[in-house]
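Coordinate inspection notes
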Amino acid sequence: MTTYGLFLGCTIPARQPSYELASRKALKNLGIELVDLDKTTCCGPPPIESVDVKTSLAIAAYNISLAEELDLDMVTLCSGCFQSLAKANVLLKEEEHLREEINEILAKTGRKFRGNKDVKHYLQVLVNDVGLVEIKNNIAKALDNLRVASFYGCHLLRPSSLLKLDDVERPRVLDDLIEATGAKSIYYRNKLKCCGGLLRGYEDDLALEIAREKMMNISKAKADCVTTVCPFCFVALDMGQLQMKSKFNEVYEIPVLHYPELLCLSLGVDPKDLALGTHRTKVDSLLEKIR
């Protein structure tokens, strides 16, 4: 059994327990063991990086060192955490002088970045460690009557030169994983365009307009649901639909699922065990189609 150190970050445990729950269930069913990393902090995200790059790198390096101490590669669920941690891991491995500076900072906490472990997004674990064939072999309920709109978000793929997760212009990893469940991953207009999620709380009207455009395009493509990998994208499209109804009197009622939730449904996990009731847009129509 392959084992990873799990970095949960801030948003998922605080606001989206269903994402964590489904991720744990799916990976356990597919032979991946997760070890919770103790004493983690925030990942050192872009808002911190924009103010002080070394502080951001030091925070990321501190968290990576926790996995190194356990001799484990790290897996993340949040795309923003993946971007921050994987980017820092590559930069600090490649640039010795920068690594020495960051380790001087970490020494004050009694820690050291060694650069001997990898940081992966859970999609990479599914594709590279489990494999699409093995996922298909474990499907208990093929979702072959579902039309699914995949949404990658921004932070999962960029900067592509450092993250190297997929082709930034024509990504396939999420679409392939969706189709491994038996569902059809559909094309829709401006599929890779930002959802406006990170503008929430700063430019709320603009954020909602961007999410609204995406939901319009997804609706026109006749999707049964949307599948995301980023917790901020999930909020923008899930709770965002309630706001679109209130502000624009537009009703979409298209369920939004984290990919592990879709995967769990195809693996035969009882929907009652997935905390789907925490979603703001009801998933009843989706469950009816796969019943």
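Note that this is a predicted model, so its numbers are computed, not measured.

Reading the values: rules and limits
- Residues numbered from 1 in each chain as written.
- Predicted model: local features only at pLDDT ≥ 70, side-chain atom pairs only at ≥ 80, totals over all residues.
- Heavy atoms only, no water.
- Pairing = 2+ DSSP bridges.
- Helix = DSSP H or I, 4+ residues; strand = E, 2+ residues; numbered from the N terminus.
- Axes fitted to C-alpha atoms, helices over the stretch in contact; angles between N-to-C directions.
- Contact = heavy atoms within 4.5 Å.
- Domains from an automatic or database assignment.
- Buried area = accessible area lost by both parts, 1.4 Å probe.
- Buried < 20%, exposed > 50% of the residue type's maximum accessible area, 1.4 Å probe, protein only.
- Arc of directions from axis to C-beta.
- Core = buried A, V, L, I, M, F, W, Y, C linked by side-chain atoms within 4.5 Å.

Here's the deal with the sheet that holds strand β2 (residues 32–36)
Within a beta sheet, neighbouring strands are joined by backbone hydrogen bonds and run either parallel or antiparallel to one another. Across the sheet, which stays open at both edges, the four strands sit in the order β2-β1-β3-β4 with parallel pairing between neighbours. With one partner strand each, in any of the chains shown, β2 and β4 (119–121) form the two edges of the open sheet. Adjacent strand axes in the sheet meet at a mean angle of 40°, parallel and antiparallel pairs treated alike. The pairing of strand β1 (residues 2–7) with strand β3 (residues 74–76) spans three bridges and is classified as parallel. Within β3, the position partnered with L6 by the bridge is V75. Each of β1, β3 and β4 touches helix α5 (residues 79–94); the most contacted strand, β4, lies at about 155° to it.

Considerations on the domain arrangement of the chain
Domains assigned within the chain are domain 1 (2–122) and domain 2 (138–290). A separation of 25 Å is found between the C-alpha centroids of domain 1 and domain 2. Across the boundary between the two partners, domain 1 contributes 26 residues, which contact 28 residues of domain 2. Taken together, both faces of the contact between domain 1 and domain 2 bury some 2,200 Å²; the carbon and sulfur share is 72%.

As for helix α6 (residues 96–106)
For α6, the full list of buried residues reads L98, I102, N103 and L106. Seen along its axis, α6 keeps its buried residues to an arc of 135°; they face one direction. Set apart from the buried face of α6 by more than 90 degrees, the exposed residues are H97 and E104.

Here's the deal with the nonpolar core
The biggest cluster of nonpolar side chains holds 74 residues, and the ones touching the most others in it are L85, Y122, L123, L126 and Y259. Residue contributions to this core peak at eight residues, all from helix α4 (residues 53–69). Lining this core are residues from two domains, each supplying at least three of them: domain 1 (2–122) and domain 2 (138–290). Setting aside its immediate chain neighbours within four residues, Y259 contacts Y122, L123, L126, L174, L177, I178, T181, T227, T228 and V229. Counting residues in hydrophobic clusters, the runner-up holds 21 residues, among them F151, Y188, C233 and F234.

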